[in-house]
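Structural description and commentary
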Amino acid sequence: MRPHVTVNLAMSADGKISSIERRQVKISGKKDFDRVDDLKARSDAIMVGIGTVLADDPSLSVKSPERREQRLISGVEEHPVRIVVDSQARTPVSADILHKGNGKRIIAVSEKAPQSRVNELSHFAEIIVAGKDTVDLILLLPRLYESGVRTLMVEGGGTLIWSLFRDGLVDEFITYVGNMIIGGRNSPTPAEGDGFIDEGLFPRLRLESCEKMEEGVLIRWKSVE
Ligand code: NAP
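Description of the structure in this document. (Residues numbered from 1 in each chain as written. Predicted model: local features only at pLDDT ≥ 70, side-chain atom pairs only at ≥ 80, totals over all residues. Heavy atoms only, no water.)

1. Considering the environment of Gly184
- Topologically, Gly184 is positioned in the loop between strand S7 (172-177) and strand S8 (205-213).
- The exposure class assigned to Gly184 is partly exposed, which follows from its relative accessible area of 35%.
- The spacing of Gly184 and Asn8 is 176 residues in sequence and 22 Å in space, taken between C-alpha atoms.
- For Gly184, the contacting residues outside a window of four places in its chain are Lys16 and Ile20. (Helix = DSSP H or I, 4+ residues; strand = E, 2+ residues; numbered from the N terminus. Buried < 20%, exposed > 50% of the residue type's maximum accessible area, 1.4 Å probe, protein only. Contact = heavy atoms within 4.5 Å.)

2. Brief notes about the side chain of Arg35
- With respect to the helices, strands and loops of the structure, Arg35 is situated in helix H1 (residues 30-41).
- A relative accessible area of 13% places Arg35 in the buried class.
- At a separation of 2.7 Å, a polar atom in the side chain of Arg35 contacts the side chain of Asp32.
- Among residues more than four places away in sequence, those in contact with Arg35 are Asn8, Ile174, Met213, Leu218 and Arg220. (Polar contact = N/O pair within 3.5 Å; in protein donor to acceptor, adjacent residues only side chain to side chain.)

3. A closer look at unusual backbone geometry
- Cis rather than trans, the peptide bond between Gly156 and Gly157 has omega equal to -5°.
- Residue position: Gly157 is located in the loop between strand S6 (151-156) and helix H7 (158-166).
- Notably, Asp57 is not glycine yet its phi reads approximately 50°, a positive angle.
- Locating Asp57 in the fold gives a position in the loop between helix H2 (50-56) and helix H3 (65-73).
- Overall, the relative accessible area of 32% leaves Asp57 in the partly exposed class.
- Not every positive phi belongs to a glycine, and Ala89 is a case in point at roughly 55°.
- By relative accessible area, Ala89 is classed as buried at 0%.

4. A look at the pattern of salt bridges
- Applying the stated criterion to the full structure yields 16 salt bridges.
- Arg23 is the salt-bridge partner of Glu21, the closest N and O atoms lying 3.2 Å from each other.
- The partner of Arg206 in a salt bridge is Glu208, and the shortest N-O contact between them spans 3.1 Å.
- Arg206 gets classed as partly exposed once you look at its relative accessible area, which sits at 44%.
- A single salt-bridge network, built from bridges that share partners, covers Asp34, Asp37, Asp38, Arg42 and Arg67. (Salt bridge = Lys/Arg side-chain N within 4 Å of Asp/Glu carboxyl O.)

5. A word on the site of the ligand
- Lining the immediate surroundings of the ligand are 28 residues, of which Ala10, Ser18, Thr52, Thr159 and Ser163 lie closest.
- Between the ligand and Thr52 there is a distance of 2.6 Å, counted from an oxygen atom to a side-chain nitrogen or oxygen.
- Within the contact set of the ligand, an oxygen atom lies 2.9 Å away from a backbone nitrogen or oxygen of Gly157.
- In the complex, 85% of the free accessible area of the ligand, which totals 930 Å², lies under the protein chains.
- Listed by contribution, the elements that provide at least two residues to the shell around the ligand are strand S1 (4-11), H2, S6 and H7.
- Looking at which element gives the most residues to the shell around the ligand, the answer is H2, with five residues.
- Class assignment for the residues of the shell around the ligand results in ten nonpolar, twelve polar and six charged. (Near = heavy atom within 4 Å. Areas by Shrake-Rupley, 256 points an atom, 1.4 Å probe, with all protein chains shown as cover. Nonpolar A, V, L, I, M, F, W, Y, C, P; charged D, E, K, R; others polar.)

Here's what the structure looks like:
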């Protein structure tokens with residue numbers, strides 16, 4: 001058994017999730033920000049790759065005080081469990097994700113992670129070792145399920161999302177498409193990695209909805225079995 005996985009991200013009209021410098025860019029507006037906060041508040045856990053932690057330093061906390069209050073009333077922590085996929089345990093000990101807001105953190109590392117870094121990070125987060133060289137998501141997700149995570153939101157970046165698609169671990173794919181062109185052949189896209197060569201292997205999606213939101217479009221897809 002594994003958690004239900006919802007990938008959520010924002011991309012430009014030309015399909016880029018950040019600039020050529022891999023710096024965070026503002027793609028969506030207030031309404032989408034609020035939608036994302038709501039999705040976060042309804043998730044048991046939220047996960048990103050180490051690339052996103054190093055580039056954007058997100059806290060992944062629930063921003064709305066009302067939603068945090070609602071979570072407490074329903075008997076869970078104010079914020080979802082925050083998870084970093086980080087083979088080499090490179091998460092900086094000063095990262096916002098380890099400090100902003102209370103609640104559990106998990107850093108998923110591989111067997112290659114230096115023990116000194118693992119020891120340091122274990123003061124701030126539970127460490128799960130899954131995989132030899134990189135984090136094995138097929139091993140990690142059932143471990144998360146065992147620890148009580150039923151709904152997992154993934155915020156990026158493109159490298160982690162690629163692996164989740166490759167491994168058949170995405171249930172829902174939600175993208176906000178904003179009204180700008182970022183350009184750049186090396187600017188990050190929603191699914192990076194090696195890419196599928198054989199058309200027969202392309203994961204197929206079923207369109208659930210498509211709505212105009214502010215100056216862009218919100219598209220919801222579900223994975224086809
Ligand atoms: P990422 O996907 O956040 O993290 C990728 C890293 O995770 C890998 O390089 C690898 O580093 C580690 N990892 C460990 N096991 C893995 C596995 N099985 N599969 C995949 N990765 C694994 O990094 P990114 O692709 O560089 O994305 C960062 C960019 O995305 C930034 O520019 C950020 O601004 C952007 N972003 C945009 C949005 C949006 O909604 N627009 C959201 C999030 C991020 P190690 O080998 O060192 O572990």
